[in-house]
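# Overview (structure and organization)
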Amino acid sequence: MYKFGKTLCSDILDRYSVEYHNSHNWRGIPLGKDYNIKTIWSKWVTKERAVKAEKWFKDNYPKEFYCSMNYNGITECRNWTVEQHKKFTEFLYASYPATKEYENEINRLKMQGDITRTHTKIYYIMLTKKQ
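Residues numbered from 1 in each chain as written. Predicted model: local features only at pLDDT ≥ 70, side-chain atom pairs only at ≥ 80, totals over all residues. Heavy atoms only, no water.

### Focus: the overall build of the protein
A tally of helices and strands in the protein yields 7 helices and 6 strands. Along the protein, from the amino end to the carboxyl end, the secondary structure elements read β-α-α-β-α-β-α-β-β-α-α-α-β. Relative to the 2.2 N^0.38 estimate, which gives 14 Å for 131 residues, the radius of gyration of the protein is 15 Å and therefore close to what a compact globule would have. Per-residue burial over the protein gives 39% buried out of 131 residues. (Helix = DSSP H or I, 4+ residues; strand = E, 2+ residues; numbered from the N terminus. Rg over C-alpha atoms; globule rule 2.2 N^0.38 Å. Buried < 20%, exposed > 50% of the residue type's maximum accessible area, 1.4 Å probe, protein only.)

Shown next, in the form of structure tokens:
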């Protein structure tokens, strides 16, 4: 299963930990409780662009499966084939190039300690069921 989303966490894995979930009093079950999370891709983008990206994703890639468990974040999960996953990964790298200017701006914001004031991290992860 794959998921595209947005977060203020620098480390995507933190976003899916049971501890982080509980510290924010989120409803539902944290995906990290039952799934191993592997980050495929992530980028800091402006908050406005992150909201648009997540909406675009939901509009263009409808969720076509049902899950009886009340997982937090399941609405952005997709049960894709390897080919669909590869195509989407290629799309992300092409749409969000890691230019030198981008890297410099993100590093400057990180050094100032206020990147989450103006930016949000968008990400693409793979989830595999824990044994």
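Don't stop here, the text continues.
### Some details on the packing of aromatic side chains
According to the stated counting rule, one finds 19 aromatic pairs in the structure shown. Both rings, one in Y61 and one in F88, keep their centres 5.4 Å apart while their planes meet at 80°; by these two values the pair is edge-to-face. Of this pair, Y61 sits in the loop between α4 (47-60) and β4 (71-72) while F88 sits in helix α5 (residues 82-95), and the two are 27 residues apart along the sequence. A residue is classified by how much of its surface remains accessible, and Y61, at 25% relative accessible area, is partly exposed. Members of the aromatic cluster, each reached through a chain of ring pairs, are Y2, F4, W56, F57, Y61, W80, F88, F91 and Y124. Directly above the ring of Y16 sits R15, whose terminal nitrogen or CZ lies 4.6 Å from the centroid. Stacked on the ring of F65, the Lys or Arg K63 has its end atom at 5.2 Å from the ring centre. (Phe/Tyr/Trp six-rings, centres within 6.5 Å; stacked < 30°, edge-to-face > 60°. Lys NZ or Arg CZ within 6 Å of the ring centre and 35° of its normal.)

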